[in-house]
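# Report on the structure
Listed below are the residues making up each chain.
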Amino acid sequence: MSPRRRDRDRDERKHRERPRKRTRVDARRGGKQHRRDRRSNDSRERTRVNARRGREAVDTWGNDRADSDRSKISIRPYSRFPTLDDYDRTAHAWRESYVQATSGYRIGVSACGGLTSPISGEDAEKIIDEFERERRRNPRPGDGSSMPGREPPTKNVGGRLEVPDDFVAWHWTLEDVDGKVVSRTRRRANLGPDACGATLTAPDLGRYTARLRLELEHGEETAATSFELRNDRLIVSVGDSYASGEGNPDEPRRPTSDGGSTGPVWLEPEAHRSLQGGPALAAAEFESRFDGNLATFLTVASTGATIDEGLLGPQNAWQNGGQLDEIERTVGNRTIDALVISIGGNDVGFADGLKDLLYRVHRTRSATVRETEEAIDRLLERHTDANGRTQRAKYDRLAERIDALGPEVREVFVTGYPTGLFDRANGSVGGGCGTFNPLPLDAIVPGPIGEFVSEVLPSISKRDARAIKRLGTRLNEAVEEAARRHGWTYVDGIADGFEGRGYCRSKKHRYFVTASETWNDQRNFKGMMHPNRKGHRVYRDRIADELRRKIGDRHDADARQRDHRDDATGGGDGGGSDRSRKRRSSDRRRRRTGRSGSRKRENTGGRSGGNTGGRSGGNTGGGRNPPRRRK
């Protein structure tokens, strides 16, 4: 029986047992009081359970049992996800201390064993009070006296761990594999909730041992545990407004009591760049710090960016080169594990086409659609520019610049765009609403005057919405084809994640920023029609899945298995290792030249690639092949 059904039955029994007739108001009041009483009882029960866990966690300090030591010390590496202070807004650049981790990796250590979740504030005070009350009710042998032959008095630290009464201070040290102390700290005894924890700093990745020495008035006791910082993946995001987080500032504008306002706050105000975009959320989701797998995230995406004016060249006066140039200067010689790209929408004039459909003054719908389709073709084919010069396909020039980057790029990911901007709940295409509300004045006011006014006033009809969805689908097909051609990974499923979540849905179900929301949050209309925070979660989930598949622990384990098999079959000293290095170099050359050898598998949907999303290749049709099974 569900809790809700059980509560309802209980209320009905109470209602039947009461001698007088209850009104609806009485029933509501009784139900509310019952829920409050239940919450209070649950809170007291949680306090009792936590206190019991704390009592069960009491153990004899010493170094006689490794398992006991491991349970006493917990390791919590700090996240490498950036904060607003890691970016210098004056210099428009990321701080080197964050990018290169020159300050080391912060490690949180704690001896607050016994509780599975951290407790602080009022809960910790309740636990401490209950411990003290129980100690007064049931005094232990030796409490309040120093008679010989009895247990020494103990005192509770933060309600979590009991230590001898002659305890003086905590001494934490961090040692590398050679036993060298790389970080140390000392904390005096206190009764705060976090008294038994500290923060140490590891200078680099690797295996370390955290040691704790309890300084006592008459000696000392120790405990230790080992852990490993395995990886620090570098994830970089470049591209347009769908990557920069347009419409989602880090701190939205909020009115103040004196009539003013605060915010909005952006990571980079000139580019409307925040840490709330899909790639940023995916990097945070990908990081698994408790397993020693960290992730450093950088973003240089800018709203309104195109391939030529944004990625390859400067877009604004404050930029010194394109986004790829900025990444090259920022990263230095550090390897980029994942380069996440969102580009193409502004190149085909998708935003301009939307405006043209909204204000159909100079061009008709058919003309707008035709020009957008021609712009999509220029992404993949040679074309003639406005000056009559023949230009290579835009994605081909982008791929050439990525291959020429100074730092090595392990994997490239490209994302598509949501297409159902005006989808209804069932996924069908509807007309505009609000700012995009269609006004059929030609039916109300017959004649040329009504037709002219209907064309000039902003409106999106069902035919316009269908055209937008068709163009968005074709743009995604072009992005996917570019990924297949250059050995990139196409992040599929984004358009499907936005299906039925159009601009005209209610706030609860809508995945796009409305005109009123962007005005309230950032005092302009640039964020309109961009994904809101719910929409960026779709990007987060899709990108994070591809990151785990391509650069996660499972991918590394498969690579180590292949190398081990090559070493075993190569013979001699290092023959297999040289062979594996040659094979990896050949793979990189094939990805750069677009000859990934997977054309025969493009439409088969096999394990290595194809359009159906194989086990290792996904929708890219390229990349590394999975390890072959032994027969």
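Look up: the structure comes first, before these words.
Keep in mind that this is a model prediction, so the values were computed, not measured.

Definitions and limits used
Residues numbered from 1 in each chain as written. Predicted model: local features only at pLDDT ≥ 70, side-chain atom pairs only at ≥ 80, totals over all residues. Heavy atoms only, no water. Disulfide = S-S within 2.5 Å. Helix = DSSP H or I, 4+ residues; strand = E, 2+ residues; numbered from the N terminus. Buried < 20%, exposed > 50% of the residue type's maximum accessible area, 1.4 Å probe, protein only. Phe/Tyr/Trp six-rings, centres within 6.5 Å; stacked < 30°, edge-to-face > 60°. Pairing = 2+ DSSP bridges. Axes fitted to C-alpha atoms, helices over the stretch in contact; angles between N-to-C directions.

## A short note on the state of the cysteines
Summed over the entire model, instances satisfying the criterion amount to one disulfide. A disulfide bridge connects C433 with C504, and the sulfur atoms are separated by 2.1 Å. Across the S-S bond of C433 and C504 the torsion is about -105°, and the bridge reads as left-handed. Here C504 lies in the loop between α15 (494-497) and α16 (515-522) and C433 lies in the loop between β19 (409-415) and α12 (441-444), a separation of 71 residues in the sequence. C504 gets classed as partly exposed once you look at its relative accessible area, which sits at 31%.

## A few points about the packing of aromatic side chains
Applying the stated criterion to the full structure yields 10 aromatic pairs. Aromatic pair Y87 and W94: ring centres 5.3 Å apart, planes at 80°, arrangement edge-to-face. On the basis of relative accessible area, W94 is assigned to the buried category, the value being 7%. Between F498 and Y539 the ring centres are 6.1 Å apart and the planes differ by 75°, which places this aromatic pair in the edge-to-face class. Here the residue F498 occupies a position in the loop between α15 and α16, and Y539 occupies one in helix α17 (residues 533-551), the gap between them amounting to 41 residues. Per residue, the accessibility class of F498 equals that of Y539, and both read buried. These aromatic residues form a ring-pair network of at least three members: F498, Y511, F512 and Y539.

## As for helix α11 (residues 394-403)
Summarising burial for α11: eight of the 10 residues are buried, a large majority. Taken together, the buried positions of α11 are occupied by K394, Y395, D396, R397, L398, A399, R401 and I402.

## Let's talk about the sheet that holds strand β8 (residues 181-188)
Judged by pairing direction, the sheet is antiparallel, and its four strands sit side by side in the order β8-β7-β10-β11 without closing on themselves. Where the open sheet ends on each side, the last strands, each with one partner, are β8 and β11 (219-229). Across the sheet, the mean angle separating the axes of adjacent strands is 15° when strand polarity is ignored. Sheet analysis places strand β10 (residues 206-216) next to β11, joined by 11 bridges and oriented antiparallel. Note on β11: the bridge partner recorded for L214 is E221.

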